[in-house]
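These are the residues of each chain, in order.
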Amino acid sequence: MGGVDANSSASFSVQGSGSPSATTTKKANESRPSFSSAGNDTTSIRTSSTTKIGNEASSNADSSQGSQEKELDTKMSQLGLYGRQKETRTIRKCLDDLVSTGKNKLVYISGLSGTGKTALAATVADSVVSKNGIFAMGKFDQKLRDEPYAGIAAAGRHICGEILHRKNSSEHMDFEDIRKMIMKNVGSELSTLAMILPEIEDIVGSSELLLAQEDSAGGDFGANKERLNNAIRTFFRTVATFFKPLVMVLDDIQWADLTSINLMQVLMTDESSSNFMLIALYRSNEVDQTHVVSKMIETLDEKQKEYDFDTTKIEVGDLKMQQVDEILVDLLHLPSYRTSDLSEIIHRRTGGNAFFVLNFIDMLKNQHLVVYSNVEKCWVWDETEIELETIATDNVVDILKQRMKNLPKRMREVLQLAACLGASFQESVLSRVVTDYFASQQDAPKSGQLSKWLTKAVEAGFVKMDNVGYRWIHDKVQEAALSIASGTDLTKMRFQVGKILLRRLSRQEMDQALFVVVNLLNVGIGTEVSSSASAVTFAELNLRAAQRAMRLSGFEIAASYSDIAIGLLPDGHWQSQYKLSLKLYTLATQAHGVLDNVETMQSLYDEVLEQPDIPLKDRLPLYYAMLESLSGRDLQAGKELGYEVLEQLDHPLMKPGGKQSIFKRFNIVRDYDRNLNPETASTLPVMTDANALSAMKILSTLLVLTYMTNKAELPTVTSKMASLVNTFGVCDEAGNAYVFRGTYATDLRVIDAHGKFAKGIMDRSKDRYSKAASRMYVLCMMSHTRDIRWVLKGYEENYHYSLQVGDIQAALYSNMLLLYYALVSGHSLKSTAAEARNRIRSLQRRNRGWQVGLMTILWQGVLNMQGQSEDPFVLKGEAMDETAMPPASPDTVDGALRLGIKAIIFAFCGNHQANADEHMDQIQAASIQNAGNSIGFWFEIYTAISCLHCARSASGRQCQKYKRFGKHISKKVKRWIAQGCANVKQLDLLLDAEFAVLAGNDKKAGQLYKKSIKTAEHMPRVSDAGLASERYGEYLLGIGDTEGARDALSHALEFYSRWGSDLKVESIRSKHEELLRPLNI
């Protein structure tokens, strides 16, 4: 179905007279004047020989004709939608549902250009405003596809305008409440938000924005993108709590940049958002299956159930002939049998395209092919003449061009200049362009003439005014204005407009129009840039655009601008333009690195390093970029590069040897660090040595790389970092060194001291980004000596903090450890599984592949304990399949996590032999590396429980081996408790009970089992209470105490049921069916 309305039409309407009779119609047809299609000059009237009109009658007729045409224009501007009843009902229902439920809505409106998509979206505008909501529109410009977030920023400006409207008004709500809530929720990221919405300063004030800039987080380019998305998402979410509903229309998303496409997905998958509707408009003929819009639609279709929003798709087609006829009947106030033949011509010429239809009718009026007959008192025409005169009219742009060609020459040229400025423009800017463009010409526009021409352009239906300035009624009108000039002339005009803007805009205006100016200049690079000096100037401009695009996380756009700028550099530029060349190549390397354009990145990187005499300080940013890239694709190559750069910095790092040498070396480190005083962290000087700072940055990356690949190398890295801190002072990366050093200590007091020392360094840092990872590491260190509920709360808080500052890796690790501790502390398996599922969705949305792998290990482990796996001892099911993975190694994060999860499963599910045999040797081999590791902490205890179980039935050396291992872990646990560990007392008692069983001391064993159960229940640790009860019941059954065994096992069922382990409940019931039957448990 098609449609028509004032937003997509030429500007005219009708107030018709009464319907004429058949006789009157015949007379009107016989006496109708005919007009040439060459123009709208009334002197071109050719009167039929059967018509006899005197001079006085002709004058009156001309007056009546003009009056009727004006009346027709007015009526046309008020036309509503035609052929849109079904679509209008659909979109209004979406709005009604949004208002009644608050559930977010996503509406796609697709169709060809000119079919009335924007008009359909606008049908809900009045309803939204009447409900105290905001209806904001933004449009993406085909000529400005290299401006990040352009359409969303336009909608954001509209929203800011609505908020500011409340500033001096008591209407509906208090401006101060909105302002305070925005400041509270967006917080330190206000300066980030201001990069896209500078108008936010008018809301919160310049002083608040300055404070936010001072508190702004650091971090890499990925972190900047996350913070920017988070700031915009939080802003929209906050606005939607005051203005209900918030409806945002984004037009022509087929021209949106990738950052905007990504942000649309971020907005729709915001689980904390409500009362929000996004209406996305796109041209169906420009979006195929490979287009990013198609991929976005597919992705959001898959996610709408998970994130609880509704999707509606509306396709807008062309008008049918009957609907074209309805338009003519209403405009001309004639019956359908009079208009049907003309409707058929119009429909055939326009294909029923709504915008084309309206402009075709306007053309008929302007060329006097449809005229008002003063004799017959109605509109008349000649179908044959219309067929002949419009045969060359192929599309709406031709009609619009013809209309513009009939304008005065200078006005036509002004419209062309305005079209160069984009889909919207301001009169003040256009005035400067016009003044300079015509400065050397004799018939330059006079003062005040521009305003008159813009008024006429509004009256003609070419542009319309809004609260910002002017915008084209339709992009086809802008296209027509541009296409009047030939290709070469248009290139010259756009290039000249770019130069005028470069010269005449203020610094602030230039910042806002940077992408427009650079794009205008870039069209003329091949033909208009003749001198090397000009080329360098334009290269510098493209660098500015690339730098701004990088700040806005428009990495594809930044790469494009930097590539153009590099192409403008003259021969020998490394000698003549060294600084510019270095900045361009560095930024291009960074941009292509973020985009994973590995070959291009490597080529740029190599060219810089091949230049002789490049100082190390100038090479370092490239090293950082390459190291970041390698960290995501080749960990070993990343480590080798890190070692190489450290040598260049005169802080070489000795590559570690075997584990024995590491053990000896770390004994020295342990002894040295026993005297570490956390209070001295606040007194150390700040590191200022440039090489030392660079080395710490490299070493900080190496910490992660070695932790991921071979933790045996960590002592060397952390020792070097500690040495630099002792020599040069503290920096943002220093805290991480002490955290990782602490993981190798066996004394929990030393571990805790390292955590406190790292926290002391962290508290001194002003870099909020680096604090996210430091906070997580400190939690790891202090988790041993703090109540586990404090630990869980800390990880939850740091997860949200990390997201806020854009450190996704810290957020994900915090999430992983949060869920791990939830599992070992006996939290509900059902809620833990649901949380794991939700967190994995978050990771997948951010394309964090290997981190998703870590989370799926936890998720599958929980699913196994719930009984949702065919084999409880194999991590295979909904979340993952470990049989398709290489064997787990404790030297890697994912391997250690898999082993730790399986140790828990094996201990609880009774596969003690496998637990003991598979994990005991791995723990002993890795004990040097895992002494203070959070995952290894629990891994060892549950493996020891299995070993002591196996010792009951083993004999000889094998029995002694199990006992020795159990004794070793038991001593370690007791030492931990003596050193302040608050979370393992119940397991210490359970281990003691198992030793009492092995010693044949039944009385002591019973007492210890009961104390373990009571302690676990009090903590509360329902999972460990269930395990101790089950172990106790099995023991009592073995010594013949049936009643005691029944009681203990019934308690185990109760604990496991509270935990949510259907697997354990069914296992115990099945194994002890006869024993438990009398109680009907």
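All values derive from a computational prediction rather than experimental measurement.

Caption draft 1: Molecular detail of the overall build of the protein chain. The secondary structure content of the protein chain amounts to 52 helices and ten strands. Out of the 1081 residues in the protein chain, the part that is buried amounts to 57%. Of all intrachain contacts in the protein chain linking residues separated by at least 6 positions in sequence, the fraction that spans at least 24 positions is 72%. For the protein chain, the accessible area works out to roughly 44300 Å², and carbon and sulfur atoms hold 48% of it.

Caption draft 2: Spatial organisation of the environment of Ser-188. Tracing the chain through its elements places Ser-188 in the loop between helix H7 (175–186) and helix H8 (190–194). For the pair formed by Ser-188 and Val-805, sequence separation is 617 residues and the distance between their alpha carbons is 8.9 Å.

Caption draft 3: Here's a closer look at the sheet that holds strand E1 (residues 105–111). With respect to topology, five strands assemble into an open sheet ordered E2-E3-E4-E1-E5, the strand pairing being parallel. Unpaired on one side and paired on the other, strand E2 (134–139) and strand E5 (310–316) mark the two borders of the sheet. With strand direction ignored, the average angle separating the axes of adjacent strands in the sheet is 15 degrees. Relative to the sheet, helix H3 (residues 85–101) contacts E1, strand E3 (246–251), strand E4 (276–283) and E5, its axis offset from that of E5 by approximately 160 degrees. Sitting on the sheet, helix H13 (residues 292–303) is in contact with E1, E4 and E5, with an inclination near 145 degrees to E1.

Caption draft 4: Spotlight on the sheet that holds strand E8 (residues 424–425). Taking strand neighbours across the sheet as the criterion, the three strands line up as E8-E10-E9 in an open arrangement whose pairing is antiparallel. Edge strands, defined here as strands with exactly one partner in the open sheet, are E8 and strand E9 (463–465). For E9 and strand E10 (residues 470–472), the ladder comprises three bridges, and the chain directions are antiparallel. Each residue of the ladder has a partner; that of Met-465, found in E10, is Tyr-470. Each of E8, E9 and E10 is contacted by helix H21 (residues 449–459), which is oriented at about 105 degrees to E9, the strand it contacts most.

Caption draft 5: Structural detail: helix H49 (residues 1022–1038). For H49, which comprises 17 residues, the first-to-last C-alpha distance of 24 Å matches the rise-based estimate of 24 Å (1.5 Å per residue) to within 8%. Buried residues dominate H49, accounting for 14 of its 17 residues. Of the residues one or two after H49, Gly-1040 is the one with positive phi, at around 90 degrees.

Caption draft 6: Main features of the packing of helix H15 (residues 336–350) against helix H16 (residues 354–366). Axis separation between H15 and H16 bottoms out at 10 Å; the angle between their running directions is 120 degrees. Viewed along their axes, H15 and H16 adopt a mutual orientation that is oblique. Relative to H16, H15 is oriented so that their crossing is right-handed. Contacts from Leu-342, Ile-346, Arg-349 and Thr-350 in H15 reach Phe-356, Val-357, Phe-360, Ile-361 and Leu-364 in H16. Considering only residue class, the contact of H15 with H16 consists of seven nonpolar, one polar and one charged.

Caption draft 7: Just the nonpolar core, in detail. By size, the foremost hydrophobic cluster in this structure holds 327 residues, and its most contacted members are Ile-163, Ile-182, Phe-235, Leu-430, Phe-462, Trp-472 and Trp-938. Among the elements that take part in this core, helix H40 (residues 808–824) stands out by supplying eleven residues, more than any other. For Trp-938, the contacting residues outside a window of four places in its chain are Ile-788, Tyr-820, Tyr-821, Val-824, Asn-983, Val-984 and Leu-987. Within the second largest apolar cluster, 19 residues are counted, among which are Val-124, Ala-125, Phe-135 and Leu-281.

Caption draft 8: Fine view of the pattern of salt bridges. The final tally for this structure, using the stated rule, is 44 salt bridges. In this structure, Lys-93 engages Asp-97 in a salt bridge whose closest nitrogen and oxygen atoms are separated by 3.1 Å. On the criterion of helical spacing, the pair formed by Lys-93 and Asp-97 is a turn pair, its members being four residues apart in helix H3. The salt bridge involving Glu-413 is made with Arg-410; its shortest N-O contact spans 2.5 Å. Taken together, the residues span about one helical turn, with Glu-413 and Arg-410 both in helix H19 (residues 409–420) at a distance of three residues.

Caption draft 9: Quick peek at the side chain of Thr-586. With respect to the helices, strands and loops of the structure, Thr-586 is situated in helix H29 (residues 578–594). Here Leu-582 takes part through its backbone oxygen, which lies 2.7 Å from a polar atom of the side chain of Thr-586.

Caption draft 10: Unusual backbone geometry, seen in detail. In this structure, Pro-245 follows Lys-244 across a cis peptide bond, with omega equal to 5 degrees. Secondary-structure assignment places Pro-245 in the loop between helix H11 (221–242) and E3. Cis geometry marks the peptide bond from Met-1019 to Pro-1020, where omega comes out at -10 degrees. Take Pro-1020: it is sitting in the loop between helix H48 (1002–1018) and H49. Even without glycine at this site, Tyr-149 takes up a positive phi of about 65 degrees. For Asp-252, which is not glycine, the phi dihedral falls at a positive 55 degrees. Turning to its location among the elements, Asp-252 is positioned in the loop between E3 and helix H12 (258–268).

Caption draft 11: Geometry of the environment of Arg-1069. Relative to the helices and strands, Arg-1069 resides in helix H51 (residues 1062–1071). We classify Arg-1069 as partly exposed; its relative accessible area is 36%. When the C-alpha atoms of Arg-1069 and Leu-1049 are compared, they prove to be 9.1 Å apart, with 20 residues separating the residues in sequence.

Caption draft 12: Structural view of H19. Here H19 spans 17 Å end to end across twelve residues, near enough to the 16 Å set by a 1.5 Å rise per residue. Counted residue by residue, H19 has eleven buried out of twelve residues, so it is predominantly covered.

Caption draft 13: The packing of aromatic side chains, seen in detail. Overall, the coordinates contain 22 aromatic pairs when judged by the stated rule. On the basis of an interplanar angle of 15 degrees and a centroid distance of 5.7 Å, the ring pair of Phe-425 and Tyr-470 is categorised as stacked. Pair noted here: Phe-425 is in strand E8 and Tyr-470 is in strand E10, with a separation of 45 residues, a long-range link. According to the relative accessible area criterion, Phe-425 is buried, its value standing at 5%. Among the residues examined, Tyr-470 registers a relative accessible area of 7% and is labelled buried. Ring plane angle 55 degrees and centroid distance 6.0 Å describe the contact between Phe-425 and Trp-472, whose orientation is recorded as tilted.

Caption draft 14: Inspection of the environment of Ile-200 at higher detail. Mapping Ile-200 onto the fold places it in helix H9 (residues 200–204). Residues Ile-200 and Phe-235, 35 residues apart in the sequence, show an inter-C-alpha distance of 10.0 Å.

Caption draft 15: Structural view of the confidence of the model for the protein chain. In the predicted model, the protein chain carries a mean pLDDT of 83, and the fraction of residues at 70 or more is 86%. Confidence, read as mean pLDDT per element, is least for helix H1 (residues 22–31) in the protein chain (34) and greatest for E1 (97). Confidence over residues 927–931 falls short of pLDDT 50; this stretch has 18 contacts with residues more than four positions distant or in other chains.

Caption draft 16: Fine view of the pairing of E1. Within E1, seven of the seven residues are buried, which leaves the element mostly enclosed by the surrounding structure. One ladder, built from seven bridges, connects E1 with E4; its direction is parallel. What sits directly across from Val-107, in E4, is Ile-279. The pairing of E1 with E5 spans seven bridges and is classified as parallel. The partner of Lys-105 across the bridge, within E5, is Asp-310.

Each value, and the rule that gives it
- Residues numbered from 1 in each chain as written.
- Predicted model: local features only at pLDDT ≥ 70, side-chain atom pairs only at ≥ 80, totals over all residues.
- Heavy atoms only, no water.
- Helix = DSSP H or I, 4+ residues; strand = E, 2+ residues; numbered from the N terminus.
- Buried < 20%, exposed > 50% of the residue type's maximum accessible area, 1.4 Å probe, protein only.
- Contact = heavy atoms within 4.5 Å.
- Areas by Shrake-Rupley, 256 points an atom, 1.4 Å probe, with all protein chains shown as cover.
- Pairing = 2+ DSSP bridges.
- Axes fitted to C-alpha atoms, helices over the stretch in contact; angles between N-to-C directions.
- Expected span 1.5 Å × (residues − 1).
- Parallel < 35°, antiparallel > 145°, perpendicular 65-115°, else oblique.
- Left-handed = near helix turned anticlockwise from the far one by under 90°.
- Nonpolar A, V, L, I, M, F, W, Y, C, P; charged D, E, K, R; others polar.
- Core = buried A, V, L, I, M, F, W, Y, C linked by side-chain atoms within 4.5 Å.
- Salt bridge = Lys/Arg side-chain N within 4 Å of Asp/Glu carboxyl O.
- Polar contact = N/O pair within 3.5 Å; in protein donor to acceptor, adjacent residues only side chain to side chain.
- Phe/Tyr/Trp six-rings, centres within 6.5 Å; stacked < 30°, edge-to-face > 60°.
- pLDDT = per-residue confidence, 0-100.

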